[in-house]
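Each chain is listed here by its residues.
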Amino acid sequence: MSCENMIEKLYLFIDGELSPEEECEIEAHLEECLTCLRIYGLELQFKRMVIQKLRCEETPTHLIERIRIALDSF
């Protein structure tokens, strides 16, 4: 697999959307190519950071109740 092919499939690989055969090809390439391994690592870190930042915190019960009271007053 060429670096270009690996980069084209990188996001599918990260998201687990490739066939087992394609995953094996990507993994084999990453074992041999330090440049692509670095790119993979950066993209994986970026995805994890985005997921972490987008995680919603649970709304406190008292806030939900205040909103309901305010809406009922309209």
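See above for the structure.
Residues numbered from 1 in each chain as written. Predicted model: local features only at pLDDT ≥ 70, side-chain atom pairs only at ≥ 80, totals over all residues. Heavy atoms only, no water.

(A) Layout of the overall build of the protein chain. Counting secondary structure elements, the protein chain contains four helices and zero strands. Here the protein chain has a C-alpha radius of gyration of 21 Å; the compact-globule value for 74 residues is 11 Å, and the former is much larger. Principal-axis analysis of the C-alpha atoms gives the protein chain an extent of 65 × 20 × 15 Å. Of all 74 residues assigned to the protein chain, the portion counted as buried reaches 15%. (Helix = DSSP H or I, 4+ residues; strand = E, 2+ residues; numbered from the N terminus. Rg over C-alpha atoms; globule rule 2.2 N^0.38 Å. Buried < 20%, exposed > 50% of the residue type's maximum accessible area, 1.4 Å probe, protein only.)

(B) Geometry of the side chain of His 29. Relative to the helices and strands, His 29 is located in helix H2 (residues 20–32). Discounting residues that sit within four places of it in the chain, His 29 has contacts with Met 1, Ser 2, Cys 3, Met 6 and Cys 36. (Contact = heavy atoms within 4.5 Å.)

(C) Focus on the packing of aromatic side chains. Applying the stated criterion to the full structure yields one aromatic pair. Between Phe 13 and Tyr 40 the ring centres are 5.6 Å apart and the planes differ by 55°, which places this aromatic pair in the tilted class. Residue Phe 13 is found in helix H1 (residues 3–14), and its partner Tyr 40 is found in helix H3 (residues 34–54); the two are separated by 27 residues along the sequence. Residue Phe 13 is classed as buried on the basis of its relative accessible area, which comes to 12%. (Phe/Tyr/Trp six-rings, centres within 6.5 Å; stacked < 30°, edge-to-face > 60°.)

(D) Quick look at H2. Taking 1.5 Å of rise per residue, the 13 residues of H2 would be expected to cover 18 Å, and the 19 Å separating its terminal C-alpha atoms lies within 8% of that figure. Packed against the buried residues of H2 are H1 and H3. (Expected span 1.5 Å × (residues − 1).)

(E) Examining the nonpolar core more closely. Membership of the largest hydrophobic core is limited to ten residues, which are Met 6, Leu 10, Phe 13, Ile 14, Leu 18, Ile 26, Leu 30, Cys 33, Cys 36 and Leu 44. For this core, the secondary-structure elements that each account for two or more residues are H1, H2 and H3. No other element matches the four residues that H1 contributes to this core. Other than its neighbours up to four places away in sequence, Leu 30 contacts Met 6, Phe 13, Cys 36, Leu 37 and Tyr 40. (Core = buried A, V, L, I, M, F, W, Y, C linked by side-chain atoms within 4.5 Å.)

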